[in-house]
Amino acid sequence: MANIIGAVTTSHIPAIANAMANGLEETPYWKPFFDGYPPVRDWLNEKKPDVIILFYNDHGLEFFIDKKPTFAMGVADEYYNADEGWGIPTIPPVTGESDLSWHIANSIVDEGFDMTICQEMKVDHGLTVPLNLMWPGHKYGHVKVIPVCINCEQYPMPQPKRTFELGKAIGRAVASYEEDLNVVVFGTGGMSHQLDGERAGIINRTFDIDCLDKLVSDPEALTKYTNLDLVEQGGSQAVELNMLIAMRGTLLGKVTELHRNYHAPISNTGSGLMLLEHEMPK
Amino acid sequence: MASNYTDRQFQGTYLFDGQMAKKGYGLNKMCYSFNEQVARDEFNADPEAYCEKFKLTEAQKEAIRNRDVIGLLREGGSIYYLAKFTGLLKLNMQDIGGLQTGMSTDEFKAMLEKNGRGEV
């Protein structure tokens, strides 16, 4: 059967792509951020997952507000990045996992999560930055990725309690897949930040660290927040915490934190990197 | 109004709900088009004509002319699409933060550093 063997939280901001493209990892500004990643890379290289289920939000590459899916997932064998309009380099295609994707779609739609199912889906920095962070130099082609995209842009958007349940449903779907595959789940984005308005520039370090703690040991507490509570505490783009909450929903039993690096600011945000394991089904 | 998502207000924050999405549709559609180099070139060649093509309102055109990010938000711009417009102007997120808060880019960056260290 397919097994979720662990999970990762990571930032996905475009400034990371520029820093990597320009070789800035060792500069004083970026070093405290990039120094967090080797332990996670080592773990991934040791565990060699077959599949990454990656929660992210599209920032206006694939989806426009002419039709804005609340939840969308890819079921393709390959995904492409493209010009996002403001200068981060376009990166090589991402490998997909069509069979498991369709299995998940079949399972979760039957459970009541009405996904938009995509056979073509351009993937933006929300997905590509985390992959390149884990396998620098665009060496992610060997791992199969299932993109799961959550609307974090336009209200109404799914609430934390709903995205947590989505994660649980995806976890059940993976556990019911017969092929032996090792799966790691990435929750990308966040944490506190606000890009728009006179209130731009919010970073709430205390809130971010509390969220990371709760993601490990008390995720139900996070599901009591509404999106507007997240906006109040962490700024308007803190709703991206939904991707981390969805990730957490896929994990079972006692969750063990193997690694953490919180650093702020990078660009306009707090960055929360964590590596988690859970009690895998026997 | 029932078509507002919420009556909860956050100072200096522009929640992008149905009303804003409707009001800003042409503006956001224009900014979405800036994913393509050919569109960026067309805008740069004749900004007024390009705004007209997407039927921007006078207030939206004025805000585009003045690079007035707050004005664009008020007129229904979504920050994710506006970022493509400001990217075309070669402004990054700290530049935009400064523009919106009345700070220089360096002052805005200093505020981010301070917030990041938890000194608030």
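Per an unreviewed UniProt entry, chain B goes by Protocatechuate 4,5-dioxygenase alpha subunit and derives from Marinomonas foliarum.

Under an unreviewed UniProt entry, the name given to chain A is Protocatechuate 3,4-dioxygenase, and the source organism is Marinomonas foliarum.

This brings us to the confidence of the model for chain B. Per-residue pLDDT for chain B has a mean of 95; in total, 98% of the residues score no lower than 70. This complex was scored by the predictor with a pTM of 0.97 and an ipTM of 0.96.

So, about the domain arrangement of chain B. Residue and element names in this part refer to chain B. Domain assignment breaks chain B into domain 1 (18-89) and domain 2 (91-120). Here the C-alpha centroids of domain 1 and domain 2 sit 23 Å apart. Of the residues lining the interface, four residues belong to domain 1; the matching set on domain 2 comes to four residues. For the side of domain 1 that touches domain 2, the per-class residue count stands at three nonpolar, one polar and no charged.

This brings us to the interface of chain B and chain A. Opposite the 40 residues of chain B that make contact, chain A presents 36 residues. Counting residues per element, the ones that place at least two in the side of chain B that touches chain A are helix 2 (25-33), helix 6 (69-74), helix 7 (79-88), helix 8 (93-101) and helix 9 (105-116) of chain B. When residues of the side of chain B that touches chain A are assigned to their parent elements, the largest contribution, seven residues, is made by helix 7 of chain B. Residues that form the side of chain B that touches chain A fall into these classes: 19 nonpolar, 15 polar and six charged.

Right, let's talk about helix 4 (residues 98-111) of chain A for a bit. All names here are of chain A. Helix length check: helix 4, at 14 residues, gives a terminal C-alpha distance of 20 Å against a target of 20 Å (1.5 Å per residue), a fit within 8%. For helix 4, the set of buried residues is Leu-100, Ser-101, Ile-104, Ala-105 and Ile-108. Looking straight down helix 4, one finds that the buried residues subtend no more than 140° of arc, so they occupy a single side. Positive backbone phi, approximately 115°, marks Gly-112, located one or two places after helix 4.

Procedures and definitions
Residues numbered from 1 in each chain as written. Chains lettered and ligands numbered in written order. Predicted model: local features only at pLDDT ≥ 70, side-chain atom pairs only at ≥ 80, totals over all residues. pLDDT = per-residue confidence, 0-100. Domains from an automatic or database assignment. Contact = placed C-beta atoms within 7 Å. Nonpolar A, V, L, I, M, F, W, Y, C, P; charged D, E, K, R; others polar. Helix = DSSP H or I, 4+ residues; strand = E, 2+ residues; numbered from the N terminus. Expected span 1.5 Å × (residues − 1). Buried ≥ 20, exposed ≤ 12 C-beta atoms within 10 Å, placed from the backbone. Arc of directions from axis to C-beta.

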